Amino acid sequence: MKNLKLYLPRTGSSQEIHEVNFNLLRKLMKIKIEKIIEFGVGYGNFAEKVINLFKPSIYVGIDINEEVKLKIPKIIDLLILDLNNDKIPYPDEYFDLGIACEVIEHLANPDNLLSEASRVIKKGGYFLISTPNLASWLNRVLLMLGLVPIHYEISWKYRLGDSVIGLPPRKYIASGHIKLYTYHALIEHLRLYNFIPVKQSSIKYSLQFTNKYVNKLYHAMNYILSFSPSLSNGFAILSKKI
C-alpha cells in the first residue's frame, strides 16, 4: 500500500457533525487529558473547541493538505502526513486522546490510521471517530430501489444519482470518499486494534428534496429512524484503548 494518495485533500466538517463529536468529548471532562492528537485536523476549527474544553499541554494535528499551514492556529503542532502510509513521529502510548472526525472514509488504507492510533494512544486512553453510514436507513431504501447510496462516490467528477432521487442540481465538489463503513463494521475494526466502544451517537445530515412531499416524508422518517447509530446518516463512536 505504498505511495497511496487516493483521497482528496478536503478539510472541514459540518457544524452538526462537530456538535455530535464535541458532546461525546464532554463525557471525558472529569478525566485529565493532557496530550491530544487529531487525525485530519483541517484548519483547526474543531481543534480550537477541544483545546478550550481540555486545556491540553500538547495538541498535535495531522493533515495531508499543505494549505492548512497558512491558517491553522499556532497552538496546534501541525504535521503534514499521508495517513494511508506514514508513521506518526511520536513514541508508543504517548497521547491521552485521539480524534478522527470524518477522516477514515477518505482513506484507501484505513488500517494504517487505526494501527498508528492504537500505537500512539495510551492504554486507558480514548479515541473518538466519526464517519458517514453506508447502511443508513435511507441508503438501505435506495439500494433496494437500485439507486446510488448517499455519500457513495462512484465518480469524483460527476455526482451520480442525485437527480433520480429528487435532490436539486448543485455544483459538484467531491468529498473524496473511498471506503464507507457500516456501524457494526467500524466497531469490529476498532476492536481489532484494541479499541472498545464506550459511547456512540447518531449524526443526522440535512438533505433537501425538490418534491415537498418527499422532503416532509424524509425529515419525518429521519427524525424517527436516526435514533439508532446503525440506521442514522452517520455516527460517532467514543472508544477506550485496552
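Structure: above.
All of these numbers come straight from a predicted model, not from anything done at the bench.

> Explain the overall build of the protein chain to me, and be specific about the residues and the numbers.
When its secondary structure is counted, the protein chain shows 6 helices and 7 strands. Listed N to C, the secondary structure of the protein chain is α-β-α-β-β-β-α-β-α-α-β-α-β in terms of helices and strands. Computed over the C-alpha atoms, the radius of gyration of the protein chain is 18 Å, within 12% of the 18 Å expected from 2.2 N^0.38 for a compact globule of 242 residues. Each principal axis of the C-alpha distribution contributes one length, and for the protein chain these read about 50 × 35 × 30 Å. Taking all 242 residues of the protein chain together, 52% fall into the buried category. Within the protein chain, counting contacts between residues at least 6 apart in sequence, those at least 24 apart form 75% of the total. Here the protein chain has roughly 12200 Å² of accessible surface; of this, 56% comes from carbon and sulfur atoms. Positive and negative side-chain charges in the protein chain, numbering 30 and 21 respectively, have mean positions lying 5 Å apart.

> So what's going on with empty space enclosed by the protein? Which residues, and what values?
Inspection of the entire model under this criterion finds 1 cavity of 30 Å³ or more. Considering the residues around the largest cavity, the lining is formed by Asn133, Ser136, Leu138, Asn139, Ile150, His151, Tyr205, Leu207 and Asn233.

> Just give me the short version of the layout of surface pockets, but keep the residues and values in it.
Of the volumes computed, that of the second largest pocket is approximately 190 Å³. Lining the second largest pocket are Trp137, Leu138, Val141, Leu142, Leu145, Leu147, Ile165, Phe209, Val214, Leu217, Tyr218 and Met221. Residue assignment for the lining of the second largest pocket shows that the elements contributing at least two residues are α4 (137-144) and α6 (212-225). Counted by class, the lining of the second largest pocket contains 12 nonpolar, no polar and no charged residues.

> Any chance you could break down the packing of helix α1 (residues 15-25) against helix α2 (residues 45-54) for me, citing the residues and the numbers?
Two elements in contact, α1 and α2, have axes separated by 11 Å at closest approach and are oriented at 25°. Here α1 lies roughly parallel to α2, going by the angle between them. Of the two elements, α1 crosses α2, and the hand of that crossing is right-handed. Facing Gln15, His18, Asn21, Phe22 and Leu25 of α1, the residues of α2 in contact are Asn45, Phe46, Lys49, Val50, Leu53 and Phe54. Residue classes in the contact of α1 with α2 are distributed as 6 nonpolar, 4 polar and 1 charged.

Cut-offs used in this document
Residues numbered from 1 in each chain as written. Predicted model: local features only at pLDDT ≥ 70, side-chain atom pairs only at ≥ 80, totals over all residues. Heavy atoms only, no water. Helix = DSSP H or I, 4+ residues; strand = E, 2+ residues; numbered from the N terminus. Rg over C-alpha atoms; globule rule 2.2 N^0.38 Å. Buried < 20%, exposed > 50% of the residue type's maximum accessible area, 1.4 Å probe, protein only. Contact = heavy atoms within 4.5 Å. Areas by Shrake-Rupley, 256 points an atom, 1.4 Å probe, with all protein chains shown as cover. Lys, Arg positive; Asp, Glu negative; His and termini not counted. Charge placed at Lys NZ, Arg CZ, Asp CG, Glu CD. 1 Å grid on protein atoms, 1.4 Å probe; cavity = no way out; pocket = protein on both sides within 12 Å on 5 of 7 lines; lining within 4 Å. Points joined across faces, edges and corners; volume = space filled by probe spheres on them. Nonpolar A, V, L, I, M, F, W, Y, C, P; charged D, E, K, R; others polar. Axes fitted to C-alpha atoms, helices over the stretch in contact; angles between N-to-C directions. Parallel < 35°, antiparallel > 145°, perpendicular 65-115°, else oblique. Left-handed = near helix turned anticlockwise from the far one by under 90°.

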